[in-house]
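Here are the chains, one letter per residue:
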Amino acid sequence: MSTLKLIARHKNFNGFLERYQHDSDTTHSIMTFSIFRPSNANAKQPTPVLYWLSGLTCTDENFATKAGAFEYADALGISVVIPDTSPRGKSVPDHENFALGQGASFYVNATQNPWDFNYQMYDYITKELPQLIDNNFPVTDEKSIMGHSMGGHGALMIGLKNSNQYQSISAFAPIVNPCQTPWGKAAFNTYLGPQADKWEEYDSLSCLSSAARKIPILIHQGLGDEFYPNEVNPEIFVEKAKRLHFPISYCPVKDYDHSYYFISSFIKEHFDFHAKYLK
């Protein structure tokens, strides 16, 4: 297990936002993540954990500085973990297209050269990072997951594939069917190869059918989103989830775009949603 290096610490809404780096055995790179620790968190009173997955081009800092989330996290007594969106560094493969390479992992385990050595983000998010959090911070084994855009894809896909490990899932403007969207097709072809049947393992729409548990889901979509419905089209996911009897709530909101102005406007609703399932 790698050693955590504290690189920043800020008092925020009575709790502390901390940034850490560590050498990852999964991505073979130095990974960065942030964690908000609410004021009531201690060894005698561990807290549940809410994981946030960010979208294309983001780091852990986008959500931390723009979402306005930690007032609600502290009030509800929930720790928040914010990983980076990909491995990074001079030795890590990158791409000139903003929707590929560093900052654009799509949270999959890449199988194609040269991506496969570093881009093992599915295993990082589901295995290595939770183990680091569990071993180093006063948290319970209860966790939920949420995300935005590419991170919304990641949250839905990871939550559904591991539905017995998460209490709830939520997403803002998620890419729900990457097998059929321009960004998703490009990423899956690059990281997973041209065989489209391999892509469905990481497609949230497909994962609905194989989920072990009907996990509660909340989705917000801005109807003024510049990427809606070409890249983000949650209605097809919501329709299938309802047919399969998932407890799902869908909130289309007029005029909101794809930005953190949209996220910050509804982040409280997402924390209140998760708090119902995180004891």
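Here, the structure is the one placed above.
The numbering scheme is per chain: residues are counted from 1 as the chain's sequence reads. With pLDDT at 70 or above as the cut-off, local features in this predicted model cover only qualifying residues; side-chain atom pairs require 80 or more to be listed or tallied, and sums for whole chains, interfaces and linings still use all residues. Working from all heavy atoms in the structure, the side-chain values ignore hydrogens and water.

**Here we look at the packing of aromatic side chains**
Classification of ring pairs uses Phe, Tyr and Trp, with its six-membered ring standing for Trp, and accepts pairs whose centres are within 6.5 Å; under 30 degrees between planes counts as stacked, over 60 as edge-to-face, and the remaining range as tilted. One pass over the structure, following the stated rule, counts 19 aromatic pairs. Each ring, one from F106 and one from F188, has its centre 6.3 Å from the other, and the planes form 75 degrees; the classification is edge-to-face. Linking F106 in the loop between β5 (79–83) and α3 (121–136) with F188 in helix α5 (residues 182–192), this pair joins segments that are 82 residues apart in sequence. An angle of 85 degrees between the planes, with centres 5.5 Å apart, marks the rings of F172 and F262 as edge-to-face. One end of the pair, F172, is in strand β7 (residues 169–172); the other, F262, is in helix α9 (residues 260–275), and 90 residues separate them in sequence. Summary of the burial criterion: residues with accessible area below 20% of their type's maximum are buried, those above 50% are exposed, and those between are partly exposed, where the area comes from a 1.4 Å probe applied to protein chains only. Overall, the relative accessible area of 0% leaves F262 in the buried class. An aromatic cluster is present here, built from F36, W52, F63, F70, F172, Y256, F262 and F266 joined pairwise through their rings. Any Lys NZ or Arg CZ found within 6 Å of a ring centre and within 35 degrees of that ring's normal is scored as a charge over the ring. The ring of Y202 has K161 sitting right over it, with the charged end atom 5.7 Å from the ring centre. Under the DSSP-based scheme used, a helix requires at least four consecutive residues in state H or I and a strand at least two consecutive residues in state E, with every element numbered from the N terminus.

**Here's the deal with the sheet that holds strand β3 (residues 29–37)**
The sheet built from 9 strands is open, its strands ordered β1-β2-β3-β5-β4-β6-β7-β8-β9 with mixed pairing. In the strand order of this sheet, the two ends are held by β1 (5–12) and β9 (248–253), each with one partner. For this sheet the average axis-to-axis angle between neighbouring strands, irrespective of direction, equals 20 degrees. Bridging between strand β4 (residues 47–53) and β5 involves 3 bridges; their strand directions are parallel. Across the sheet, the residue bridging to Y51 is V81, located in β5. Against the sheet, α9 contacts β4, β5, β6 (139–148), β7, β8 (217–222) and β9, and its axis sits at roughly 170 degrees relative to β7. What makes two strands pair is DSSP finding at least two bridges between them. Orientation is described by lines fitted to C-alpha atoms, with helices fitted over the stretch in contact, and by angles between N-to-C directions that extend from 0 to 180 degrees. Throughout, a contact is declared for two residues whenever any of their heavy atoms are within 4.5 Å.

**Comments concerning the nonpolar core**
To form a nonpolar core, buried Ala, Val, Leu, Ile, Met, Phe, Trp, Tyr and Cys residues must be joined to one another through side-chain atoms within 4.5 Å. Within the largest apolar cluster, 62 residues are counted, with the highest numbers of intra-cluster contacts made by F33, I133, L160, Y191, I217 and F237. Among the elements that line this core, the one with the most residues is α3, at 7 residues. In this structure, I78, M146, V253 and I263 belong to the second largest nonpolar core, which totals 24 residues.

**Some details on helix α4 (residues 150–161)**
One fewer than the residue count of a helix, multiplied by 1.5 Å, yields its expected span. Counted at 1.5 Å a residue, the expected span for α4 with its 12 residues is 16 Å, and the 16 Å between its end C-alpha atoms agrees. Residues M150, G151, G152, H153, G154, A155, L156, M157, I158, G159 and L160 constitute the buried set of α4.

**Considering the side chain of E231**
Secondary-structure assignment places E231 in the loop between β8 and α8 (234–243). Asp and Glu count as negative and Lys and Arg as positive, but His and the ends of the chain are not part of the count. One speaks of a salt bridge when a side-chain nitrogen belonging to Lys or Arg is within 4 Å of a carboxyl oxygen belonging to Asp or Glu. Despite being buried, E231 has no salt bridge partner; K185 is the closest side chain of opposite charge, sitting 9.7 Å away.

**Some thoughts on the environment of W183**
Along the chain, W183 falls in helix α5. In this structure the C-alpha to C-alpha distance between W183 and L56, which are 127 residues apart in sequence, comes to 10.0 Å. If we ignore the near neighbours within four places in the chain, the residues touching W183 are L56, F98, A99, F106, S149, I175, F227 and E231.

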